[in-house]
Amino acid sequence: MTTSTRSVPLAASALPALPDILCTDLVRIYRSREVEVQALQGLNLRVESGELVAVVGASGSGKSTLLGILSGHDEPSAGQASVAGHDLTHLTSRERTRFHRTSVGFVWQQTARNLLPYLTAAQNIACVLAVAGALRRRDQSERIDEVIELLGLGDLRDRLPSELSGGQQQRVALGVAIANRPAVLLADEPTGALDERTSEEVLEAMRMLNEHSGVTTLIVTHDASVSDHVRRTIQIRDGRTSTEVIRRSRADGRGIEDGSAEEFSVIDRVGRLQLPESFQRRLDLHDRVRLSLEPDHVQVRPGHDGAEQDQEIPDPPRRGRHSRIDGDAS
Ligand SMILES: Nc1ncnc2c1ncn2[C@@H]1O[C@H](COP(=O)(O)OP(=O)(O)OP(=O)(O)O)[C@@H](O)[C@H]1O
């Protein structure tokens, strides 16, 4: 637990460049009588205002732990986390309530956590507006109509959650999450319970919302295919961000979009980086490696005997160039 002062929304004028999500050296240790699990091990993450980002990782890599902290439901053991200008390391319960009502929206995998089962789609949206109390009654009903139209929920507005498919429930959950115009939308495995086609629809709805309203969006998932729907995919491994894939698309003279993806390794403030597992396996990199500084890149070679022999680096894992840290081919 850090010892900073109590949380106050940070004034935009004081810190103009503060991103909407910022984690610095985030550590979360779970302690029980016999064991200690370090779920986050100095994680760094920066998501700028208006970005749509996915954090992907295998089971146990720390995704839910990260989201628990970013959503203000849990506190880090060390390090800093801020979301939408709120320092999350020390929220009072009053600040936490305000943070939840006005600054962030959530979509969880379990629909029961997103929607009240005895309210219709429109009533669920109305409920969050009423609780936040930021709008007058007439403005509330205008906002409900706006959200319903934006997400194409017109035919579903008077249905109970039990009368909706999984994908429809998640689209209504998105409406509930963004109704108060939060700065940040956090989604934990929002497509975890859906089939492939319905998942695509929900992810596209999130992309549309991000584009339309500029809400900064972070999707946490084990499903790597989410990267087709976002510009930046951050891989989390052993409680740290390890690599990032950035997708770019460019329209040619005829307006036809050409997409490419570039993979980067994340380097933290003290110079640590994680090599992709496939690189380590291919070149048998373990225990220690040889580094040499070249004019415009760094070479990484196996540190054990026989390392002097040149080996070819494998094909980059995705289309486009890999980062400038390489095995030994330069
Ligand atoms: N309450 C807890 N007590 C002890 N250990 C925990 C607790 N919650 C999570 N962990 C451990 O912390 C690590 C990270 O767990 P976390 O749930 O954040 O991973 P995850 O990437 O979300 O996994 P999954 O995709 O399976 O949900 C795991 O080793 C997990 O066993």
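Residues numbered from 1 in each chain as written. Predicted model: local features only at pLDDT ≥ 70, side-chain atom pairs only at ≥ 80, totals over all residues. Heavy atoms only, no water.

S.K.: Just checking my understanding: could you explain the layout of surface pockets for this structure?
M.R.: The method is simple in principle: a probe with the dimensions of a water molecule rolls over the atoms, and the space it marks as empty is what remains. Volume-wise, the largest pocket comes out at about 540 Å³. If you go around the largest pocket, you meet 21 residues; those closest to its centre are H100, F106, N114, V128 and V176. Every element with two or more residues in the lining of the largest pocket is listed here: helix 2 (93-103), strand 6 (104-107), helix 3 (111-114), helix 4 (121-132) and helix 6 (166-178). Per element, the largest residue contribution to the lining of the largest pocket is 5 residues, and it comes from helix 4. Grouping the amino acids of the lining of the largest pocket by side-chain chemistry returns 13 nonpolar, 6 polar and 2 charged. The space that makes up the second largest pocket amounts to roughly 430 Å³. Taken together, 23 residues line the second largest pocket, and the ones lying closest to its centre are Q235, R237, S242, T243 and E263. For the lining of the second largest pocket, the elements supplying multiple residues, two or more each, are strand 9 (232-237), strand 10 (240-251) and helix 8 (277-283). Looking at the lining of the second largest pocket, the element that brings in the most residues is strand 9, giving 4 residues. Its residues placed into classes, the lining of the second largest pocket shows 7 nonpolar, 11 polar and 5 charged. (1 Å grid on protein atoms, 1.4 Å probe; cavity = no way out; pocket = protein on both sides within 12 Å on 5 of 7 lines; lining within 4 Å. Points joined across faces, edges and corners; volume = space filled by probe spheres on them. Helix = DSSP H or I, 4+ residues; strand = E, 2+ residues; numbered from the N terminus. Nonpolar A, V, L, I, M, F, W, Y, C, P; charged D, E, K, R; others polar.)

S.K.: Please clarify how the nonpolar core should be interpreted in this entry.
M.R.: One broad rule of soluble globular proteins: the nonpolar side chains tend to lie buried together. Counting residues in each nonpolar core, the largest one holds 33 residues, and the members touching the most others are I125, L174, L185 and I219. When contributions to this core are tallied by element, the ones reaching two or more residues are strand 3 (52-56), helix 4, helix 5 (137-150), helix 6, strand 7 (184-188) and helix 7 (196-213). The element best represented in this core is helix 6, accounting for 6 residues. Setting aside chain neighbours within four positions, we find L174 in contact with V107, L151, L185, V202, A205, M206 and L209. (Core = buried A, V, L, I, M, F, W, Y, C linked by side-chain atoms within 4.5 Å. Buried < 20%, exposed > 50% of the residue type's maximum accessible area, 1.4 Å probe, protein only. Contact = heavy atoms within 4.5 Å.)

S.K.: Quick question: what am I supposed to make of the packing of aromatic side chains here?
M.R.: Any aromatic ring pair is given by two values, namely how distant the centres are and how the planes are angled relative to each other. Tallied over the full model, the rule gives 1 aromatic pair. Between F106 and W108 the ring centres are 5.4 Å apart and the planes differ by 15°, which places this aromatic pair in the stacked class. Overall, F106 belongs to the buried group, its relative accessible area being 18%. A residue is classified by how much of its surface remains accessible, and W108, at 8% relative accessible area, is buried. Cation over ring: R113 sits above W108, and NZ or CZ is 3.8 Å from the ring centre. (Phe/Tyr/Trp six-rings, centres within 6.5 Å; stacked < 30°, edge-to-face > 60°. Lys NZ or Arg CZ within 6 Å of the ring centre and 35° of its normal.)

S.K.: What is the right way to read the confidence of the model for the chain from this model?
M.R.: Do not read the predicted coordinates in detail wherever pLDDT is low. For the chain, the average pLDDT comes to 83, and 84% of its residues sit at 70 or higher. When the criterion is pLDDT under 50, residues 1-8 qualifies, and its contacts beyond four places in sequence or with other chains add up to 26 contacts. Low confidence marks residues 318-330, where pLDDT is under 50. Its contacts with residues over four positions away, or in another chain, come to 44 contacts. The ipTM assigned to the predicted complex is 0.97, against a pTM of 0.80. (pLDDT = per-residue confidence, 0-100.)

S.K.: I'm lost on the site of the ligand in this one. Help?
M.R.: For the ligand, the full set of nearby residues is Y30, V37, A39, A58, S59, G60, S61, G62, K63, S64 and T65. Taking G62, its main chain carries an N or O atom lying 3.1 Å from an oxygen atom of the ligand. In the model, an oxygen atom of the ligand is placed 2.8 Å from a nitrogen or oxygen of the K63 side chain. Of all elements in the fold, only strand 2 (36-47) and helix 1 (63-70) reach the threshold of two or more residues within the shell around the ligand. Looking at the shell around the ligand, the element that brings in the most residues is helix 1, giving 3 residues. (Near = heavy atom within 4 Å. Polar contact = N/O pair within 3.5 Å; in protein donor to acceptor, adjacent residues only side chain to side chain.)

S.K.: Hey, could you run me through the side chain of S199 in this one?
M.R.: Topologically, S199 is positioned in helix 7. By relative accessible area, which is 7% here, S199 ends up buried. When near neighbours in sequence (up to four residues on either side) are disregarded, S199 contacts T191 and L194.

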